[in-house]
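# Observations on the model geometry
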Amino acid sequence: MGFKEQLFEKNQILVAILGICSALGVTTRLHIALTMGASVVFVTGFSSLFISLLRRHIPDSVRIITELTIISLFVIIVDQFLKAYFLPLSKVLSVFVGLIITNCLVMGRAEAFAKNNPPLPSFLDGVGAGLGYAIVLAIVGGIRELFGFGELFGYRIIPLSWYATADHPDLYRNIGLMYIPPSAFFILAMLIWGVNRYKMKREG
Amino acid sequence: MYLFGLFIQSVFIENFLLSNFLGMCTYLACSSKLKTANGLGLAVVFVMTVSGVLNWSVHHFITSPEALSFLGVDLSFLEFLLFICVIAAFTQIAEIVIDNKFFSLYRSLGLYLPLIAVNCAILGASLFAATRELPFLPNLVYVFGSSLGWWLAICLMAAIREKLSYSNPPQGLEGMGITFIMTGIISLGFMGFTGMNLAKSTKKSEQVKVVEKKKIQK
């Protein structure tokens, strides 16, 4: 079924290399990454559903602008919801919520699947793609928060007593690389490497 | 001097591709050849500058909270929708015009125009400019500088990727993996610029205002 395939074998970030921009900007902390992931699941799912419902009525020449309008409608809903209930979180995400509109992942699912398929499979395909994206975001966010801050979800994982102090300068330190954006490139590269190796091994 | 500082700031220090990471998808798809990257970069400069100015007017006259206060409405929630419609409509119109009037230009630039409607850098530039509430001229300099920075970055990467295709990376890392690592290293280089702020206002009256504010706070 398309749903499971989207989650693992055709993971949009790791295999199709789509939707990278936000994967780098929002993964410093795990809860931010998860919020972003949830927003993307919502937007891809429902925009795929509605594009698929309207697929016989959208003229081909204005296809892209119509799809963008539908997508931005759902992004506006997410943005207003975050502003109303999670104001601090929406301040941190700032323009990245708006940038879901141009996230190639959403557009890619609309173009590649939803425009030629009935509503229910399109919806599942969109949700699957979104969830695959959310999982990768959560992995990157988790690694970056754990090694960059020693915390997960804002709770301390690596005890403070392990840290280097003025008296014991040879103990554990946070990795400074992890809270600047380039680290996400390296983590993603390692994930892609792993996925490719796994595929090679399975194919023999 | 302020405008020049803002220009340098947007080209190098806040480079869209290398320190804000916008427009990554287009970059990864189109940077394996220098010639393609150059054409795409030029198209981005054109679209980003014009749509940046158009979106400034949209923000200024329609969606900023004060713009339509005389009607008693606040349309700021429509900002995303209007911005993306302006960008998509503009790229579509530009494609038609260039196709009909300037055919030689169409071959080098027009092919990339439909791709650009979904380039996050274009929407990102408009959104960043809107959140900063820049006046008209600084906004123009900001979007133009950002687009030049994007062009510079994609050409830089494409040149390296051309050489990279002859190299011999570990198995499974070739293609996208090694490109990611390479991009990460270059963006680490650009991180060296962070913390610099050239876009400070040098007007005396504004400096005086800041000093007065500080005195009041004390």
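Residues numbered from 1 in each chain as written. Chains lettered and ligands numbered in written order. Predicted model: local features only at pLDDT ≥ 70, side-chain atom pairs only at ≥ 80, totals over all residues. Heavy atoms only, no water.

## Quick word on the environment of Val95(A)
With respect to the helices and strands, Val95(A) occurs in helix α6 (residues 95–98). C-alpha of Val95(A) to C-alpha of Met190(A): the two residues are 95 residues apart in sequence and 28 Å apart in space. Filtering out sequence-adjacent residues up to four positions away, Val95(A) remains in contact with Leu127(B), Phe128(B) and Thr131(B). (Helix = DSSP H or I, 4+ residues; strand = E, 2+ residues; numbered from the N terminus. Contact = heavy atoms within 4.5 Å.)

## As for the side chain of Ser122(A)
All names here are of chain A. Counting through the fold element by element, Ser122 comes out in helix α8 (residues 119–149). Here the side chain of Ser122 touches Ser52 through a polar contact of 3.4 Å, side chain to side chain. At 2.8 Å, the side chain of Ser122 and the backbone oxygen of Pro118 are in polar contact. Excluding its chain neighbours within four sequence positions, the residues that come into contact with Ser122 are Ser48, Ser52, Phe113, Ala114 and Asn117. (Polar contact = N/O pair within 3.5 Å; in protein donor to acceptor, adjacent residues only side chain to side chain.)

## Things to note about a nonpolar patch on the surface
Taken together, the side chains of Phe147(A), Ile175(A), Leu177(A) and Leu188(B) present a nonpolar region at the surface, about 280 Å² in accessible area. Its location among the elements puts Ile175(A) in the loop between β2 (155–156) and α9 (182–203). (Patch = residues over 30% accessible without salt bridge, like charges linked within 9 Å, V, L, I, M, F, W, Y side chains within 5 Å. Areas by Shrake-Rupley, 256 points an atom, 1.4 Å probe, with all protein chains shown as cover. Salt bridge = Lys/Arg side-chain N within 4 Å of Asp/Glu carboxyl O.)

## Remarks on the side chain of Glu67(A)
Residue and element names in this part refer to chain A. By the element assignment, Glu67 lies in helix α4 (residues 63–85). In this structure, Glu67 is buried with no salt-bridge partner, the nearest side chain bearing the opposite charge being Arg63 at 4.2 Å. Contact partners of Glu67, with chain neighbours within four places excluded, come to Ile51, Met107, Ala110 and Glu111. (Buried < 20%, exposed > 50% of the residue type's maximum accessible area, 1.4 Å probe, protein only. Lys, Arg positive; Asp, Glu negative; His and termini not counted.)

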